Amino acid sequence: MSTITPDTKLDIGHNDDPSSNYLTCSSGFLSWAFTLDHKRIGVMYLVGIFTSFFLGGLFALLLRIHLLMPNGLFPETWVNMNTYNQLFTLHGAVMTFLFIIPSVPAALGNFVLPLMVGAKDVAFPRMNLASFHLWVIGAIFFLIALFTTGLDTGWTFYTPYSIETQTNVIAATIGAFILGFSSIFTGLNFIVTVNTMRPPGMSWFKMPLFMWAIYATAIIQILATPVLGITLLLLMAERLLGIGVFDPSMGGDPVLYQHFFWFYSHPAVYIMILPAMGIMSELMSVYSRKPIFGYTFIAYSSIAIALLGFLVWGHHMFVSGQSPMAAVIFSGLTFSVSIPSAIKVFNWLATMYKGNINLATPMCYALSFIFLFAIGGLTGLFLGALATDIHLHDTYFVVAHFHYVMMGGTVIAFVGGLYHWWPKMFGVMYNEAWGRFFCLVVFIGFNLTFFPQFIMGSRGMPRRYATYDPEYQIFHQLSTLGAIVLGLGMVGAVAVLVWSLFNGRKAPANPWGAATLEWTCTSPPPFYNFEHAPHVGSPYDYSQLKYDPQVGGYVKDPNAKPASDHH
Amino acid sequence: MQSILADTMFFPPERSSVAGSVDGLFDFIYYLSAIFFVGIVFAMVYFVLRYYQRPGHKEEPSPSHHEVLEITWSVIPSLLVGVIFFYGFTGYLNMREAPENAYEINVRASKWNWLFVYPNGAESDELHIPVDRPVKFLLQSGDVLHSFYIPAFRIKMDCVPGRYTSTWVIATDTTEAPDPNDENAKDGHLPMNLFCAEYCGEKHSAMRAKVFVHEPGEFDVWVEKAANILEGRSPAEAGEILFKRKGCAQCHSIEGDMSAKYAGPPLNGQWGTERKVTARGTTETVVMDENYVRESIRQPNAKIVEGRKPGMTVFTPQLLKDDEITAIIAYLKSLK
C-alpha cells in the first residue's frame, strides 16, 4: 500500500520506454499468470468469465432447442431427460458461480477501482492474484464435474436429492466452495482499498457511485459467502459421512438446507445486481453529460439494498412448508427491498433531464438496462406477494423474472460497462455502428426469449421440465427463436470488441468526457497507472472538460472555472 | 375479486374458489406495473428524443437533487407495495387454513408418481375430488422434495420427506372427459393438470397426473368403487394393481432381474417350477404353487429361497385379504 500525494512522480514500470503500458511492459505467460497488477488480473478474469459465459450460453441454447417440441426435439439417444437435467443444472451453475458473480466486481471492478481512487494497485495485490488463481481452480472442479458424471441437482443443490444422486455433486460443491473464497478475497480487497486508499480530497460523498456499489457488494461478499461455504461443507459431509443434518431418513431437515442456501444465495443476487447498478450510475451521468441526480439517495440505497438483502431469503420458500408466519414476515421484508431499487431507476431517469445525451453504445446498453430491469423489478412484485407467488412459484414466470434481473440487468450493464471502459483497458476504439447494432439485436433477442416465459409461467408451465404439454409449445418456440437471436447478438457484441483490438483507432485518454479519475491516465494505462498523481475533482462535474477534435476525445478546458461544489 | 385478465393469455381457467382472488391480485399488480413501466419508458424515450446530442445542442443546468421529488417517489411506491403486501398475505391466509369439515385426501409423492389415498382406503394415481366441497390434501413424500401443483386451482405446496404439509381447495366446476359420441357432453371441462413443481430427478417432467372433479353423488360412487379393487376386474388385472400397490414390486422383479437392486427373487416365469429353499435350517425343494405363494405371503420367513435373506413384511389378513391373495396368484400365473 502506498500513499500518493500530489506531485509524486511515480515509477513508470518494468521498462523505461515512455510509450510502454501495462500490456506491453513485459511479456510471456508467466508475466501474466503471476502478475500482481490489478489491470492484468482484471483482463485475465475477463477472459475467464467470457469463456464461462459462452459455455453456459451453449448449454442454454441446447436446452432451448430441445424444447422446440413437447417431447424434445433431439432423439432420446442424444438428449434424454437425464441429459436435459444436466444441461439446465450446468447452465445455472456455470452462469452463477463462474460468470455472473465475478463478472462486474472481479473483472471490471479489478480494473477500474484502483484507477478510480488514483492508486497504483488494490490494497492487497497478492491476495488479488490469489483470488484469480482460486477462480481457476474452482473452474477446474466444475469442469471435472462436467466431464465425469455431470451434475443434475440444479444449481441450488437441494437436499435430499443432492445427497442421493449419482452425479458428481462433490466436485461441483468443492468448486463452488473454492469460488466462494475467491469472491471473499475480492470483497475484502475492495473494502480495504476503498477505506484506506482514497486520495486526499475524495471524501465518502465525493466517491464515484461505482465505488459505492462495489463497496456495498463487498460487504455482502464477506458476510454471506461464508454461509454458503459452511452449507456446502455440510452437504459434502452429508454425502460422504451421512451425518444426518439434512437427510430426513436420519432425522435431518431438508428445509433447513434451503434456509442455509438462500441465506447466501439471496444476498448473492445483490452481489450480482449492485455492481451493475454502479455501472449504470456512471453511464447515465457520463453520456447525459449531467451530474448524477440524487447522489446521496443512490449511495445510501446501495447500502440499504446490501443490508435489507440479508433479511429476505425466505421468499424463496413460500411453498416449502415453512410456517405461514415466516412467509408473511419474509413477504413484507421483500417489498422493503424493492424501494431502494425503484429510487435508483427514477434517479437515472432524472439524470437525463436537460442533458446532452450521447447515444454511444454504452448508453444504448444503459437505456436497454432501464427497460429490462424495470420489467424484472416490477415482475418481482407478483412473486413477493404471497397469494400470487403460490401460483407462480417454480414456474417459468420465475425463470423469466430472474433472467430479466440477472441477464437483462447485470449482463446488459456489464456489457455496457465493458464497452465504456474498453478504450481505457486496451487503448482502442470499437466501431460504434456495429456496437449499437448488436446492442439492438441483443435487446430484441432478449425480449423474445424471456417475455413469452412470463405468459407460459402464469399459465402454469413448471420450470426444469424436459417435456411438456402441447398447450405451451408456441411459447417455447418463440422463446427458443429469441434465444438464438440473443446468442447471435452476444457473439456479435463480443466480436465487435475483439475486432477493435486489431483494427480499432487508437483511443485518447478520455474519449467520453468522463470526470472520474481513471480517464486522466493514458489509454491503456501505464504499468503504475498514473505518471503523476491525479488531481481529485467532483466525479460528475463535466464543465471542466471540452471536446478536442484533434485528440478525438475530451481534454481539460483551460478556461473553465472550478466547479462551485468542489472542495 | 374477479379477474379481468382471467380469460386472456395469462391464465389457465379458474376452477377453484380462490382462483378468482389470486387472479384479481395479479391483475391489480399487473395494471399498477404497467402504469409504472409505461411511465418509465415514456420518460426515457422522451428525454432521449428531446435531449439527444446533436450539433448546437448543449446540456443546461438543472438541480442535481430535489428533496421533495425524491421523497415523493420513495413514499408513493412504498405505500403501493404496502397495499400489494396486504392483499397478498390476506389471500394467502385463506389458502393455508383448511375448514375443519374438509374432506381429507392423503397425497403420497414419490419418484415419479402420485398416489392419492382416500378416507375409505381407496387408492388411485389420478386425483378425483367432489365439486363445491372443501378438500384438504395431506402431503407426504417418500423420497425427495416434490411439489403438489394444480394450476387451475392456483394451489401449490411442497411435499417434504419426513414431515406432513397440507393445502386445500374448493373446486368450482366439474370435469368430464368429452365423449365425441355424446352430443350433450361437449361442455364438460377437460380434466386438469397436476404437476410436480419441485425438481425431483430424472423423470421430474413426467411426474404429472390428471385431476377429475365430480358431482358429489357421482364422487361417492367413484370412491366406493375405487376402494374395491376386485370388483369389475379380472383376478389377474386386480392382482397386478395389488402387486404394485402393496409394495411387492419394490423387492420382486417381474423382468427376471436377479441383481441386488431387488431384495427378493424375481417372480416371472416361475409358476410351477421347482426351487431350493431353506426351511428352518434344512434345505428342501418346493414347487411354486398356490399354497407356497400363500404361505410366503402370510409367513415370509418360513421358506427362504436359497441365496436370499429373510426380511419381507409379514402380510396379515388385515394387510391383505384372502381374496386379494387369490388375485395376486392369478397375476403371478400370468407372468411369463
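Our structure's up above, just so we're on the same page.
Before going into details, it helps to say that this report is about the structure given with it. All residue numbers refer to position in the chain's written sequence, counted from 1. Note on labels: chains are lettered from A, ligands numbered from 1, in written order. Since the coordinates come from a predicted model, pLDDT governs what is reported: local features require at least 70, and pairs of side-chain atoms require 80 or more to be given and counted, while whole-chain, interface and lining totals use all residues. The basis for every side-chain value is the complete set of non-hydrogen atoms in the structure, without hydrogens or water.

### Brief notes about the overall build of chain A
- Scanning chain A from N- to C-terminus turns up 15 helices and 4 strands.
- Our radius of gyration is a C-alpha quantity, and the globule rule it is checked against amounts to 2.2 Å times the number of residues to the power 0.38. Relative to the compact-globule value of 24 Å for 567 residues, chain A shows a C-alpha radius of gyration of 24 Å, a close match.
- Expressed as lengths along the three principal axes of its C-alpha atoms, the size of chain A is roughly 75 × 45 × 45 Å.
- Summary of the burial criterion: residues with accessible area below 20% of their type's maximum are buried, those above 50% are exposed, and those between are partly exposed, where the area comes from a 1.4 Å probe applied to protein chains only. Within chain A, the proportion of its 567 residues that are buried is 68%.
- Contact definition: two residues touch when any of their heavy atoms are within 4.5 Å. Considering only intrachain contacts with a sequence separation of at least 6, the fraction spanning at least 24 residues in chain A is 80%.
- Only the protein chains shown count as cover for residues, and the accessible areas themselves come from Shrake-Rupley with a 1.4 Å probe. A total of about 18600 Å² of accessible surface is found on chain A, and carbon and sulfur atoms cover 70% of it.
- A residue counts as positive if it is Lys or Arg and as negative if it is Asp or Glu; His and the chain ends are not included. By convention, the point assigned to a charge is CZ for Arg, NZ for Lys, CD for Glu and CG for Asp. Charged side chains of chain A number 23 positive and 24 negative; the gap between the two group centres comes to 11 Å. Under the DSSP-based scheme used, a helix requires at least four consecutive residues in state H or I and a strand at least two consecutive residues in state E, with every element numbered from the N terminus.

### Notes on the packing of aromatic side chains
All names here are of chain A.
- Each Phe, Tyr or Trp ring, with Trp reduced to its six-membered ring, pairs with another whose centre is within 6.5 Å; inter-plane angles below 30 degrees give stacked pairs, above 60 give edge-to-face pairs, and intermediate values give tilted ones. One pass over the structure, following the stated rule, counts 82 aromatic pairs over all chains.
- Ring centres of Phe 181 and Phe 185 lie 6.5 Å apart, and the angle between their planes is 80°; this geometry places the pair in the edge-to-face category. With a gap of 4 residues between them, Phe 181 and Phe 185 both fall in helix H6 (residues 169-196), about one helical turn apart.
- Take Phe 181: its relative accessible area is 39%, and that puts it in the partly exposed class.
- With 5.5 Å between their ring centres and 70° between their planes, Phe 382 and Phe 397 make a pair best called edge-to-face. Taken together, the positions of Phe 382 in helix H11 (residues 361-384) and Phe 397 in helix H13 (residues 396-426) put the pair 15 residues apart, joining distant regions of the chain.
- On the basis of relative accessible area, Phe 382 is assigned to the buried category, the value being 4%.

### A short note on the side chain of Asn 193 of chain B
- Tracing the chain through its elements places Asn 193 of chain B in strand E9 (residues 192-196).
- Between N or O atoms, a polar contact is any pair within 3.5 Å; within protein, one atom must be a potential hydrogen donor and the other a potential acceptor, and residues adjacent in sequence are included only when both atoms are from side chains. Polar side-chain contacts of Asn 193 of chain B include one of 3.0 Å to the side chain of Asp 469 of chain A.
- At a separation of 2.8 Å, a polar atom in the side chain of Asn 193 of chain B contacts the side chain of Lys 210 of chain B.
- Discounting chain neighbours no more than four positions away, the residues touching Asn 193 of chain B are Asp 469 and Glu 471 of chain A together with Tyr 149, Ile 150, Pro 151, Ala 209, Lys 210 and Val 211 of chain B.

### Re the interface of chain A and chain B
- Contact with chain A, which involves 88 residues of that partner, is made by 80 residues of chain B.
- What counts as buried area is the accessible surface, traced by a 1.4 Å probe, that two parts surrender upon association, with contributions from both included. Here chain A packs against chain B, burying approximately 7200 Å² in sum over the two surfaces, 67% of which is carbon and sulfur.
- Here a salt bridge means any side-chain nitrogen of Lys or Arg lying within 4 Å of a carboxyl oxygen belonging to Asp or Glu. When the shortest N-O distance is used, the salt bridge between Arg 208 of chain B and Asp 469 of chain A registers 3.0 Å.
- Counting across the interface, chain A meets chain B through 30 residue pairs in polar contact (both at pLDDT 80 or more).
- If you list the elements that add at least two residues to the side of chain A that touches chain B, you get helix H3 (81-116), helix H5 (161-164), helix H8 (254-288), helix H9 (295-308), helix H10 (324-352), H11, helix H12 (386-392) and helix H14 (432-458) of chain A.
- Looking at the side of chain A that touches chain B element by element, the count peaks at 15 residues for H10 of chain A.

### Focus on the sheet that holds strand E3 (residues 123-124) of chain B
Residues and elements named next belong to chain B.
- One open sheet accounts for 5 strands, arranged E3-E2-E1-E5-E8; its pairing is mixed. Edge strands, defined here as strands with exactly one partner in the open sheet, are E3 and strand E8 (165-170).
- For two strands to pair, DSSP has to find at least two bridges joining them. Taken together, the 6 bridges between strand E5 (residues 134-141) and E8 define a ladder with antiparallel strand orientation. Bridge pairing links Lys 136 to Trp 168 in E8.

### Re empty space enclosed by the protein
- Here a cavity denotes a set of grid points, spaced 1 Å apart and computed over the protein atoms alone, in which a 1.4 Å probe fits but from which it cannot get out, and a pocket denotes an open set meeting protein on both sides within 12 Å along at least five of seven lines; residues with an atom within 4 Å of a point are reported as lining. Grid points are joined across faces, edges and corners, and a volume is the space filled by probe spheres set on the points. Counting across every chain of the model gives 4 cavities of 30 Å³ or more.
- Space inside the largest cavity adds up to approximately 140 Å³.
- Considering the residues around the largest cavity, the lining is formed by 16 residues, among which Phe 97, Ile 101, Pro 102, Leu 179 and Ser 183 of chain A are closest to the centre.
- Secondary-structure elements contributing two or more residues to the lining of the largest cavity are H3, H6 and helix H7 (209-241) of chain A.
- Per-element tally for the lining of the largest cavity: the top contributor is H6 of chain A, with 6 residues.
- Among the residues forming the lining of the largest cavity, the class breakdown is 10 nonpolar, 6 polar and no charged.
- Put simply, the parts of the chain that give the lining of the second largest cavity at least two residues each are helix H2 (67-96), strand E7 (155-159) and E8 of chain B. Each residue gets one of three labels, nonpolar for Ala, Val, Leu, Ile, Met, Phe, Trp, Tyr, Cys and Pro, charged for Asp, Glu, Lys and Arg, and polar for the others, Gly among them.

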